[in-house]
Amino acid sequence: MNRRRLVTVLLVLGVVALFAVPLIAGGPADYTGTDNQATTVIQQQDPGYEPWFHSVLPPLSPSVESGLFAVQAALGGAVLGYVLGRLRGRRAVREASTSETPGAGATGDGPQ
Amino acid sequence: MHIAEGFLPPAHAIGWTVAAAPFVVHGARAVAREVRENPESTLLLGAAGAFTFVLSAIKLPSVTGSSSHPTGTGAGAILFRPPVMALLGTVVLLFQALLLAHGGLTTLGANAFSMAIVGPWAGYGAYRLTRGLGGGLLPGVFAGMAVADLATYVTTSLQLALAFPDASSGFAGAAVKFLGVFAITQIPLAIGEGLLGVLLFRVLTVNARPELERLGVLKS
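*Asks:* Even after reading the chapter, I still don't get the overall build of chain A, so can you show me in this structure?
*Replies:* What chain A contains, in helices and strands, is three helices and one strand. When the elements of chain A are put in sequence order from the N terminus, they spell out α-β-α-α. Across the 112 residues in chain A, those meeting the buried criterion constitute 23%. Carbon and sulfur atoms make up 66% of the accessible area of chain A, which amounts to about 7,400 Å² in all.

*Asks:* Would you mind going over helix H1 (residues 10-37) of chain B with me for this structure?
*Replies:* Quick reminder: α-helices carry 3.6 residues per turn. Residues three or four places apart thus point the same way. Residue and element names in this part refer to chain B. With 28 residues, H1 extends 40 Å from end C-alpha to end C-alpha; this agrees with the ideal 40 Å at 1.5 Å per step. Listed in full, the buried residues belonging to H1 are Ala13, Trp16, Ala20, Val24, Gly27, Ala30, Val31 and Glu34. The inward-facing, buried residues of H1 abut helix H2 (42-55), helix H3 (74-80), helix H4 (82-99), helix H5 (108-132), helix H6 (137-163) and helix H8 (209-214).

*Asks:* Hey, could you run me through the domain arrangement of chain A in this one?
*Replies:* Bring the parts together and some accessible area is lost; that lost area is often taken as the interface size. For chain A, the domain assignment lists domain 1 (1-51) and domain 2 (60-99). A separation of 23 Å is found between the C-alpha centroids of domain 1 of chain A and domain 2 of chain A.

*Asks:* Can you help me understand the interface of chain B and chain A in this one?
*Replies:* With 70 residues of chain B at the contact, the number on the chain A side is 57 residues. Here chain B and chain A share an interface that buries about 5,500 Å² over both sides, 70% of which is from carbon and sulfur atoms. Between Arg90 of chain A and Glu211 of chain B there is a salt bridge; the shortest N-O distance is 2.6 Å. Elements with a contribution of two residues or more to the side of chain B that touches chain A: H1, H2, strand S1 (60-61), strand S2 (66-68), H4, H6, helix H7 (170-207) and H8 of chain B. The dominant element in the side of chain B that touches chain A, judged by the number of residues it contributes, is H7 of chain B, at 20 residues. Broken down by class, the residue content of the side of chain B that touches chain A amounts to 47 nonpolar, 16 polar and seven charged. Judged from the two bridges that link them, strand S1 (residues 32-33) of chain A and S2 of chain B form a sheet pairing that is parallel. Its bridge partner lying in S2 of chain B, Thr32 of chain A is registered against Ser66 of chain B.

*Asks:* Got a minute to help me understand the packing of H4 of chain B against H5 of chain B in this structure?
*Replies:* Packed helices, taken two at a time, are described by their axes: the angle between them and the distance between them. Residues and elements named next belong to chain B. Contact geometry for H4 and H5: axes closest at 9 Å, N-to-C directions at 145°. The crossing of H4 and H5 is right-handed. Contact with H4, carried on its side by Pro82, Pro83, Met85, Ala86, Gly89, Thr90, Val92, Leu93 and Leu94, involves Leu108, Asn111, Ala112, Met115, Ala116, Ile117, Pro120, Trp121 and Tyr124 of H5 and no other residues of that element. Within the contact of H4 with H5, the residues separate by chemical class into 15 nonpolar, three polar and no charged.

*Asks:* Help me understand the side chain of Gln186 of chain B in this model?
*Replies:* Positionally, Gln186 of chain B belongs in helix H7. Beyond its immediate sequence surroundings of up to four residues, Gln186 of chain B is in contact with Ser68, His69, Pro70, Asp149, Leu150 and Tyr153 of chain B.

Thresholds applied
- Residues take numbers from 1 onward in each chain, read along the sequence in its written order.
- Ligands are numbered from 1 and chains lettered from A, in the order in which they are written.
- Given that this is a predicted model, residues contribute local features only at a pLDDT of at least 70 and side-chain atom pairs are listed and counted only at 80 or more, while totals for whole chains, interfaces and linings are drawn from all residues.
- Only heavy atoms go into the side-chain values, all of them from the structure, while hydrogens and water stay out.
- Put simply, DSSP marks the helices as runs of H or I at least four residues long and the strands as runs of E at least two long, and each gets a number from the N terminus on.
- Buried, partly exposed and exposed residues are distinguished by accessible area as a fraction of the type maximum, computed with a 1.4 Å probe on protein chains only: under 20%, between the cut-offs, and over 50%, respectively.
- Reported accessibility uses the Shrake-Rupley method at a 1.4 Å probe radius. Residues are deemed covered only where the shown protein chains occlude them.
- Multiplying 1.5 Å by the residue count of a helix minus one yields the expected span of that helix.
- Pairs of residues are marked as contacts when any of their non-hydrogen atoms sit within 4.5 Å.
- All the domain ranges listed were derived from an automatic or database domain assignment.
- Put simply, buried area is the surface a 1.4 Å probe can reach on two separate parts but cannot reach once they are joined, added for both.
- The salt bridge criterion pairs a side-chain nitrogen of Lys or Arg with a carboxyl oxygen of Asp or Glu, the two atoms within 4 Å.
- Three classes are used, and their members are as follows: Ala, Val, Leu, Ile, Met, Phe, Trp, Tyr, Cys and Pro are nonpolar, Asp, Glu, Lys and Arg are charged, and the others, Gly among them, are polar.
- For two strands to count as paired, DSSP must find a minimum of two bridges between them.
- All axes here are fitted lines through C-alpha atoms, helices being fitted over the stretch that makes contact, and every angle between N-to-C directions spans 0 to 180 degrees.
- Here is the rule for handedness: rotate from the far helix to the near one, and if that takes an anticlockwise turn smaller than a right angle the crossing is left-handed, while a clockwise turn gives right-handed.

Laid out in structure tokens, this is it:
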């Protein structure tokens, strides 16, 4: 494994650990969203406050809501993957056409 | 950082909308100009938008036993400068307000101000500062992404404190309460977002070098 790939793996592991460790070590917690907590604080600050406008959509069941969030993430992930794939393919084509110029560019540390 | 629909008093809702609107219009023009003058930027613009779209959809657990989501606005701000993110971030917020009942139309102005304006500018500032102090691209990206995330949530806390000051301790007391909800939870998320930004830019420096050079992110 070359150094570049090792750094990538470590970065990914770092991100995973950052969120997995509190989940495992933190014990039981309900992980309420901060947005909902803020709404609770608003109601403590001003118990008489009534929201004066409501979402265009009726309140969704939690499962439908998390499904829609998954759709949002999937759409974004698809576009991001498409762009990165095209950029990578473009580089492959360019490298093939300038064929075998060793050490071309500052990133000539081997194929990924 | 999504202030829920109807949870800002009308005067605040209107005020933040009026404050955010010129930035968003300016951002829309910046995006249009970028696409017109540099059509080859379209791919990277899509990547920047998609990055925000993914990250703001994911709720992540944090050390405080709460969960929150990153914003992903730093990447686009570093690549294309902050005005572009004023539009892209607002589009994401509008999508969530309309289809996901998350955030809202009356709070769109305030939410856009924190996530699509203050976050990207603060992140861009942190990126430029890091680069100016001799830091490389990746340390700059880390700082920019993390600061954009944190600054968004600090702004939300202050917006809420302004709208709901404490009966005894006023704005400052309320700010402490709202920051207590958002700030500490957000620190690991900001670090995670910084790392994801580094991963993204490592891929881009290899595969999109010509664009990064033209955008001035990398020296040609």
